[in-house]
Amino acid sequence: MKKIVIIAAVVLALGATLAFALPQEPPHEGHGRHGGPGGPGGPGGPRFVEMLAEKLSLTDTQKQQINDIQKASREQNAQFFETSRKTMDEVRAAHDANDTAKLESLKATVTADREKMKQIRDAEMEKITAVLTADQRTKFAAMRAEREARHKDAPPHE
């Protein structure tokens, strides 16, 4: 049971990481609680730029630059995202089947995918930060810190 809880936590962490890098196009049916991983308002979701625009008073140029950054990241990493989704489908199927051997065999792949997602997300956030003014960067850093604190304090999902 402990292994399943640990693996479920790893799966959830990877899912949270996926939220930053997923496409802004309409989600595929069956992914995520709101139709897509991370939901429509999460980082990388369709309303991410709108939310940033509202909270940071982005210019139209900045909005376009951020959309372009996200689009380029999606295109550059499309194959990885597809492979990672397939891995997560395998994890869900193994979990549903209570196949602990399969879950254990996928653990290293999930961990590696999670690290790669973090690298992709961090690179994207660095590029987004670069288009912001000094005041906007300060506000954006505070927003990210608040989000991280909320996720750190949140109870694990099962």
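Structure: above.
Described in the following lines is the structure provided in the data block. Chains are numbered independently. Their residues run from 1 in the order of the written sequence. Since the coordinates come from a predicted model, pLDDT governs what is reported: local features require at least 70, and pairs of side-chain atoms require 80 or more to be given and counted, while whole-chain, interface and lining totals use all residues. Values reported for side chains reflect all heavy atoms of the structure, with hydrogen atoms and water molecules removed beforehand.

### A short note on the overall build of the protein chain
Using the following cut-off: Only DSSP runs of H or I covering at least 4 residues are called helices, and only runs of E covering at least 2 are called strands; the numbering of each starts at the N terminus. Exposure is judged per residue with a 1.4 Å probe applied to protein chains only, and the accessible area is read against the type maximum: over 50% gives exposed, under 20% gives buried, and values in between give partly exposed. For this analysis, residues touch if any pair of their heavy atoms sits within 4.5 Å. Surface accessibility in these figures is a Shrake-Rupley result with a 1.4 Å probe; residues are shielded only by whichever protein chains are displayed.
A count of helical and extended segments in the protein chain gives six helices and zero strands. Evaluated residue by residue, the protein chain yields a buried proportion of 35% over its 158 residues. Taking as baseline every contact in the protein chain between residues at least 6 positions apart, the subset at least 24 positions apart corresponds to 63%. Entry remark: accessible area of the protein chain is about 9,700 Å², with carbon and sulfur atoms responsible for 53%.

### Topic: helix α6 (residues 134-153)
The test is simple: Given a helix with a known number of residues, its expected span is that number minus one, times 1.5 Å. Note that the arc is defined by the directions from the helix axis to the C-beta atoms.
Spanning 20 residues, α6 covers 29 Å between terminal C-alpha atoms, matching the ideal 28 Å at 1.5 Å per step. Looking at α6, one finds that the buried residues are Q136, F140 and M143. What you see down the axis of α6 is that its buried residues fit within an arc of 60 degrees, all on one side. In α6, the exposed positions angled more than 90 degrees off the buried face are occupied by T138, E148, K152 and D153.

### With respect to the pattern of salt bridges
Rules: Salt bridges, as used here, are contacts in which a Lys or Arg side-chain nitrogen is within 4 Å of a carboxyl oxygen on Asp or Glu.
The final tally for this structure, using the stated rule, is eight salt bridges. The partner of R92 in a salt bridge is D89, with the nearest N and O atoms 2.8 Å apart. Of the two residues, R92 and D89 are both situated in helix α4 (residues 78-96); the distance of three residues between them amounts to about one turn of the helix. The class for R92 is partly exposed, based on a relative accessible area of 40%. Several salt bridges converge on common partners, so that one network encompasses K118, R121 and D122.

### A word on the packing of α4 against helix α5 (residues 100-130)
In plain terms, the rule: As a rule, the C-alpha atoms of each element are fitted with a line to give its axis, helices using only the stretch in contact, and angles between N-to-C directions run from 0 to 180 degrees. Crossings are classed by handedness, with left-handed meaning an anticlockwise turn of the near helix from the far one by less than a right angle and right-handed meaning a clockwise turn. Gly counts as polar in this scheme, as do all residues outside two lists: the nonpolar Ala, Val, Leu, Ile, Met, Phe, Trp, Tyr, Cys and Pro, and the charged Asp, Glu, Lys and Arg.
Packing of α4 against α5 brings their axes to within 10 Å, and their N-to-C directions diverge by 145 degrees. Crossing angle aside, the handedness with which α4 passes α5 is left-handed. Where α4 abuts α5, its residues F80, F81, S84, T87, M88, E90, V91, A94 and H95 lie against K102, L103, L106, T109, V110, D113, K116, M117 and I120. For the contact of α4 with α5, the residue count by class is 10 nonpolar, four polar and four charged.

### Observations regarding the environment of F48
With respect to the secondary-structure elements, F48 resides in helix α2 (residues 48-56). Note on F48: relative accessible area 4%, which makes it buried.

### Focus on α4
Over its 19 residues, α4 extends 27 Å from the first C-alpha to the last, a length consistent with the 27 Å expected when each residue adds 1.5 Å. Of all the residues in α4, the buried ones are F80, F81, S84, R85, T87, M88, V91 and A94. Positive backbone phi, approximately 55 degrees, marks N98, located one or two places after α4.

### Side note on unusual backbone geometry
For S57, which is not a glycine, the phi torsion comes out positive at approximately 55 degrees. Inspection of the secondary structure assignment puts S57 in the loop between α2 and α3 (60-76). Under the relative-accessibility criterion, S57 is labelled exposed at 56%. Phi is positive for N98, close to 55 degrees, though the residue is something other than glycine.

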